[in-house]
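Report on the structure
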Amino acid sequence: MRIIIDAMGGDNAPDEIVLGALRAAKEYGTEIVLVGRGEDILRGMKANGLDNLPQGVEIANAEDMVDMHVDPTQVVQQHRNSSMVVGLKMLADGAGDAMISAGNTGALLTAGTLLVKRIRGIRRAAFAPLFPTRTVLIDAGANTECTPEFLMQFGCMGSLYAQKALGIERPRVALLNNGAEEEKGDELHKNAYVLLKKADENGLIHFTGNIEGRDVLTGADVIVADGFSGNVLLKGIEGTASYMAHMMKDMFKRNFLSKIGYLFCKKGANEIRKTMDYREIGGSMLVGLNKPVIKAHGSSDALAIMGAVKQAMTAVESGFCEEIRANVSRMTLPREAQNAD
């Protein structure tokens, strides 16, 4: 298995990206292709005490890079020799099985769609990050404007991802809404509810109905949302987790007795912190493309890259892309199937 990594993407590139890739190659026994400026990658290796490329690690040179200010719609045309675009071309051409980038999210979405391409019949690719409870959120920001069919396809793709890559035998699929009742929501969500229910009746998914924001961490395995609502939900949960962590820290530092109390619950606190650490989970899978593409967190360090590599390997081994391809005709509306791109 060969995992392509954009070595120049993210706040800590290339040093932390390179370090994470090297550790992943050694620990997981997978082949890694680091794409980026060769001199910078080698400099990053030396900064981590390595003078030579380890066995199974290669460098694919790309002199340009995509920064956070690039117009996503122009990335393929104006940055053809960037590490992100070169890596995606390699993936599309069969030079790798999956790709990871911590770079510009919009650029990765656009370039991935243009180069790796969507599975035929899939209307939109969607970001599918995992919550600490191993709950899949789909979509988390790729599509701010959706149709009912988009949401139905998100539910089907998310279910297959949870089943194949996460090992959940019968994933519970729920639609994010402002109430649990069937009649809740605007026209988009009411119509999406109908399509998701039909998908359940046809045996495609196990649809459990609407779900409110307060229940998303425990009430379902797959949360279906339009990209706007999903992104707000995701950032809200991240912010809440961060705030709670600071509150716990302040509580334990309050006085001598609270510090003593921390010693008794240190193990449990560390387990909670590890569970909430995005670096342990990996990145956000871009579901709906022909091959797995993972968007790692922009501030990813070596541990986060290792998590993303492990996630990529699991995705490839699970064959969930092939499973979506095999079932796409069942998750496409007849009138739309005639205009499949």
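Here, every reference points to the structure presented above.
This text gives an overview of the structure that appears in the document. (Residues numbered from 1 in each chain as written. Predicted model: local features only at pLDDT ≥ 70, side-chain atom pairs only at ≥ 80, totals over all residues. Heavy atoms only, no water.)

Digging into the nonpolar core
Stated formally: Only buried Ala, Val, Leu, Ile, Met, Phe, Trp, Tyr and Cys residues count toward a nonpolar core, and they belong to the same one when joined by side-chain atoms within 4.5 Å. Per-residue accessibility, obtained with a 1.4 Å probe over protein chains only, is compared with the maximum for each type, and a residue is labelled buried under 20%, exposed over 50%, and partly exposed between these values. Runs of H or I in DSSP of at least four residues are treated as helices and runs of E of at least two as strands, each being numbered from the N terminus. Contact criterion: two residues are considered in contact whenever any of their non-hydrogen atoms come within 4.5 Å of each other.
In this structure, Ile5, Ile32, Leu34, Ile100, Phe154 and Met331 are the most contacted members of the largest nonpolar core, which totals 68 residues. When residues in this core are grouped by element, the largest group, 9 residues, is from helix α6 (residues 148–164). If we skip the residues at most four places from it in the chain, Phe154 touches Arg124, Ala126, Ile138, Asp139, Asn143, Cys146, Val224 and Ala225.

Description of the environment of Asp200
Its location among the elements puts Asp200 in helix α7 (residues 187–201). Residues Asp200 and Ala98 lie 102 residues apart in sequence; the distance between their C-alpha atoms is 30 Å. Dropping the residues within four chain positions of it, Asp200 is found in contact with Ile205, His206 and Phe207.

Details of the packing of aromatic side chains
Here the distance between the centres and the angle between the planes together describe a pair of aromatic rings. Using the following cut-off: What counts as a ring pair is set by centres within 6.5 Å for rings of Phe, Tyr and Trp (its six-membered ring), and what kind of pair is set by the plane angle: stacked under 30 degrees, edge-to-face over 60, tilted for all other angles. Over a ring means this: the NZ of a Lys or the CZ of an Arg is within 6 Å of the ring centre and within 35 degrees of the ring normal.
Scanning the entire structure with this criterion turns up 2 aromatic pairs. Between Tyr161 and Phe320, the aromatic rings sit 5.0 Å apart at their centres with planes inclined by 55 degrees, giving tilted as the arrangement. Of this pair, Tyr161 sits in helix α6 while Phe320 is found in helix α12 (residues 320–327), placing the two residues 159 residues apart along the sequence. No difference in accessibility class separates Tyr161 from Phe320, as the two residues are buried. When the ring of Tyr193 is compared with that of Phe207, the centres are 5.1 Å apart and the planes differ by 75 degrees; the resulting orientation is edge-to-face. Placement of Tyr193 in helix α7 and of Phe207 in strand β8 (residues 206–211) is noted, with a sequence separation of 14 residues between them. The two residues Tyr193 and Phe207 agree in class, both being buried. We note Lys310 situated over the ring of Tyr28; from NZ or CZ to the ring centre the distance is 5.1 Å.

A short note on the packing of helix α1 (residues 15–28) against helix α11 (residues 302–318)
Cut-off, in case you're wondering: Interaxial angle, 0 to 180 degrees, is taken between N-to-C directions of lines fitted to C-alpha atoms, where a helix line uses only the stretch in contact. Should an angle fall under 35 degrees it is called roughly parallel, over 145 degrees roughly antiparallel, and 65 to 115 degrees roughly perpendicular, with every other angle called oblique. Crossings are classed by handedness, with left-handed meaning an anticlockwise turn of the near helix from the far one by less than a right angle and right-handed meaning a clockwise turn. Nonpolar residues are Ala, Val, Leu, Ile, Met, Phe, Trp, Tyr, Cys and Pro. Charged residues are Asp, Glu, Lys and Arg, and all others, Gly as well, are polar.
Between α1 and α11, the shortest axis-to-axis distance is 7 Å and the interhelical angle comes to 50 degrees. Considering their axes alone, α1 and α11 lie oblique with respect to each other. For the crossing formed where α1 meets α11, the hand is right-handed. Together, Glu16, Ile17, Leu19, Gly20, Ala21, Arg23, Ala24, Glu27 and Tyr28 of α1 and Ala302, Ile305, Met306, Val309, Lys310 and Met313 of α11 make up the contact between the two elements. Per-class residue counts for the contact of α1 with α11 are 10 nonpolar, 1 polar and 4 charged.

Brief notes about the sheet that holds strand β2 (residues 31–36)
Condition: Any two strands are treated as partners once DSSP identifies two or more bridges connecting them.
Pairing in this open sheet of 7 strands is mixed, and the strands run β3-β2-β1-β4-β11-β10-β5 from one edge to the other. The sheet is open, and its two borders are formed by β3 (57–61) and β5 (126–128), each paired with just one other strand. Geometrically, the sheet is characterised by an average inter-axis angle of 25 degrees between neighbouring strands, direction not taken into account. Relative to β3, β2 runs parallel, the two sharing 5 bridges. Among the inter-strand pairings, Leu34 is bridged to a residue of β3, identified as Ile59.

Some points on the environment of Ile205
Summarising the element assignment, Ile205 is placed in the loop between α7 and β8. Taking the relative accessible area as the measure of exposure, Ile205 reaches 7% and is therefore buried. Each C-alpha atom of the pair Ile205 and Leu160 lies 8.4 Å from the other, and the pair is 45 residues apart in sequence. Beyond its immediate sequence surroundings of up to four residues, Ile205 is in contact with Gly155, Cys156, Ser159, Val173, Leu196, Ala199 and Asp200.

Details of the pattern of salt bridges
Side chains that differ in sign of charge can pair as their charged atoms come close. Operational definition: Every case where a carboxyl oxygen of Asp or Glu lies within 4 Å of a side-chain nitrogen of Lys or Arg is listed as a salt bridge.
Applying the stated criterion across every chain, the model contains 8 salt bridges. Between Arg2 and Glu31 there is a salt bridge whose closest N-O contact spans 3.2 Å. You can see Arg2 sitting in strand β1 (residues 2–6) and its partner Glu31 sitting in strand β2, a full 29 residues away along the chain. Judged by relative accessible area, which is 35%, Glu31 ranks as partly exposed. Between Arg172 and Asp221 there is a salt bridge, with its nearest N and O atoms 3.2 Å apart.

Comments concerning unusual backbone geometry
The residue after Ala13, namely Pro14, is reached through a cis peptide bond having omega -5 degrees. Here Pro14 lies in the loop between β1 and α1. Unusually for a residue other than glycine, Arg134 sits at a positive phi of about 70 degrees. By the secondary structure assignment, Arg134 is in the loop between β5 and β6 (136–138). Overall, the relative accessible area of 42% leaves Arg134 in the partly exposed class.

Description of the pairing of strand β10 (residues 284–287)
Burial of the side chains of β10 extends over both faces: Ser284 and Leu286 are buried on one face and Met285 and Val287 on the other. By the bridge criterion, 3 bridges tie β5 to β10 in an arrangement that is antiparallel. Counterpart to Ala126 in the pairing with β10 is Val287. In this structure, β10 lies alongside strand β11 (residues 293–295), joined through 2 bridges in antiparallel fashion. Residue pairing across strands places Ser284 opposite Lys295, the latter belonging to β11.

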